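Next come the chains, spelled out residue by residue.
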Amino acid sequence: MAADPIQRVIHALSRLPSVGEKSAARMAFFLLNQDPAVTRELADALGALHAAVRLCGECANLSAQDPCPLCAQPRRDPRLICVVEDISSLMAIERTGVFEGRYHVLHGLLSPLDGVGPEQLRVSELLARLSRLLSAEGDWGDHGAARAGARVEVIVALPSSVNGNATSLYLQQLLRPLGVALSRIASGVPVGATLQYADQVSLAEALSARRPL
Ligand SMILES: [Zn+2]
């Protein structure tokens, strides 16, 4: 394969999203012009990435800690759960600064044509999490058992694409029998756009104008 060290770096960099051969070459020559310590720091950081990062056992966020820093914040309402496609969407909603609940990261969308079913997503984890929350309702005490579920709300914050809509519908049918309140973010987010490209203001509005499913 690429024995030449420069070609090897260019080849490796050009596999990154949005990085073409030209940009990869620019990065490689930039690094060559830097102090070797810069390259070493980058290589160390990349080398530690997989060993240091894990999935949060609560929300499936990626973090060096389990539970992740978001799940560890006591001021965040554990009974308000925003379901997102991926970490980029989580970060987009976090940037709005208005959401005070927690997240659940699916790590994808249903896509039957590509062989992505519920088993490939973090759906069973969501169900387990909700049933834990609902069974803990009794301990909070001030509502009767019949109304217990009404205190947990799931906000579906998935893109308005074909796969996003299919996943929302699936979650709606799956979660409705549990008795949790279900809502979907309003359509301020353009059709087909992934959340990470939505601007902060329209995303914050879409979140506060969410409508029941
Ligand atoms: Zn978490």
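Below you will find a few notes about this structure.

Reading guide: rules and limits
- Residues numbered from 1 in each chain as written.
- Predicted model: local features only at pLDDT ≥ 70, side-chain atom pairs only at ≥ 80, totals over all residues.
- Heavy atoms only, no water.
- Helix = DSSP H or I, 4+ residues; strand = E, 2+ residues; numbered from the N terminus.
- Buried < 20%, exposed > 50% of the residue type's maximum accessible area, 1.4 Å probe, protein only.
- Contact = heavy atoms within 4.5 Å.
- Areas by Shrake-Rupley, 256 points an atom, 1.4 Å probe, with all protein chains shown as cover.
- Salt bridge = Lys/Arg side-chain N within 4 Å of Asp/Glu carboxyl O.
- Donors = N, O, S within 2.8 Å, 3.2 Å for Na, K, Ca; no water.
- Tetrahedral: all angles 85-135°; square planar, octahedral: opposite > 155°, others 65-115°.
- Pairing = 2+ DSSP bridges.
- Right-handed = clockwise from strand over helix to strand, strands pointing away.
- Core = buried A, V, L, I, M, F, W, Y, C linked by side-chain atoms within 4.5 Å.

**A few points about the overall build of the protein chain**
1) Next: The number of helices and strands found in the protein chain is seven helices and seven strands.
2) Next: If you list the helices and strands of the protein chain from N to C, you get α-α-α-β-β-β-α-β-α-β-α-β-α-β.
3) Next: For the protein chain, the residues scored as buried account for 37% of the 213 residues in total.
4) Next: Within the protein chain, contacts between residues separated by at least 24 positions form 54% of all contacts whose residues are at least 6 apart in sequence.
5) Next: For the protein chain, the accessible area works out to roughly 12300 Å², and carbon and sulfur atoms hold 57% of it.

**Quick word on the pattern of salt bridges**
For side chains of opposite charge, pairing can occur when their charged atoms come near one another.
1) Next: Following the criterion strictly, the structure yields six salt bridges and no others.
2) Next: The residue Glu58 makes a salt bridge to Arg132 at a minimum N-O spacing of 3.0 Å. Here the residue Glu58 occupies a position in the loop between β1 (54-55) and β2 (62-63), and Arg132 occupies one in helix α5 (residues 123-140), the gap between them amounting to 74 residues.
3) Next: Looking at Glu58, the relative accessible area reads 29%, which means it is partly exposed.
4) Next: Overall, Arg132 belongs to the partly exposed group, its relative accessible area being 43%.

**Description of the coordination of the zinc ion**
1) Next: Coordination of the zinc ion by the protein comes from Cys56 (SG), Cys59 (SG), Cys68 (SG) and Cys71 (SG), over a distance range of 2.3 to 2.4 Å.
2) Next: Geometry at the zinc ion is tetrahedral, judged from the four donor atoms that bind it and their angles of 103 to 115 degrees at the metal.
3) Next: Read in sequence order, the donor residues for the zinc ion give the motif C-x2-C-x8-C-x2-C. Here Cys68 lies in the loop between β2 and β3 (80-84) and Cys56 lies in the loop between β1 and β2, a separation of twelve residues in the sequence. Across the pair, Cys68 and Cys56 agree in class, each one buried.

**Here we look at the pairing of strand β4 (residues 102-105)**
1) Next: In β4, alternate side chains face the same way, and those of Arg102 and His104 on one face and Tyr103 and Val105 on the other are all buried.
2) Next: Pairing of β3 with β4, which is carried by four bridges, proceeds in the parallel orientation. Across the sheet, the residue bridging to Ile81 is Arg102, located in β4.
3) Next: You can see the chain leave β3, run along helix α4 (residues 87-96) and come back into β4, and the turn it takes is right-handed.

**Some details on the nonpolar core**
1) Next: Counting residues in hydrophobic clusters, the biggest one holds 22 residues, and the most contacted among them are Cys82, Val84, Ile93, Phe99, Tyr103 and Ile185.
2) Next: At the level of elements, β3, α4, β4, β5 (153-157) and α7 (200-208) are the ones that each hand at least two residues to this core.
3) Next: The element best represented in this core is α4, accounting for four residues.
4) Next: Val83, Val123, Val152 and Leu175 belong to the second largest nonpolar core, which has 19 residues in total.

**Observations regarding the pairing of β5**
For a regular strand, side-chain orientation follows a simple rule: the groups alternate between the two sheet faces.
1) Next: The buried count for β5 comes to five of five residues, which makes it a mostly enclosed element.
2) Next: Every second residue of β5 is oriented toward a common face, with Glu153, Ile155 and Ala157 on one face and Val154 and Val156 on the other, all of them buried.
3) Next: As paired elements, β3 and β5 share five bridges and run parallel to each other. In the strand pairing of β5, Ile81 is matched with Val154.
4) Next: As paired elements, β5 and strand β6 (residues 181-184) share four bridges and run parallel to each other.

**Quick word on α7**
One turn of an α-helix holds 3.6 residues; hence residues three or four places apart share an orientation.
1) Next: Residues of α7 that are buried include every one of Ser202, Leu203, Ala204, Ala206 and Leu207, and no others.
2) Next: On its buried face, α7 is in contact with α4 and β5.

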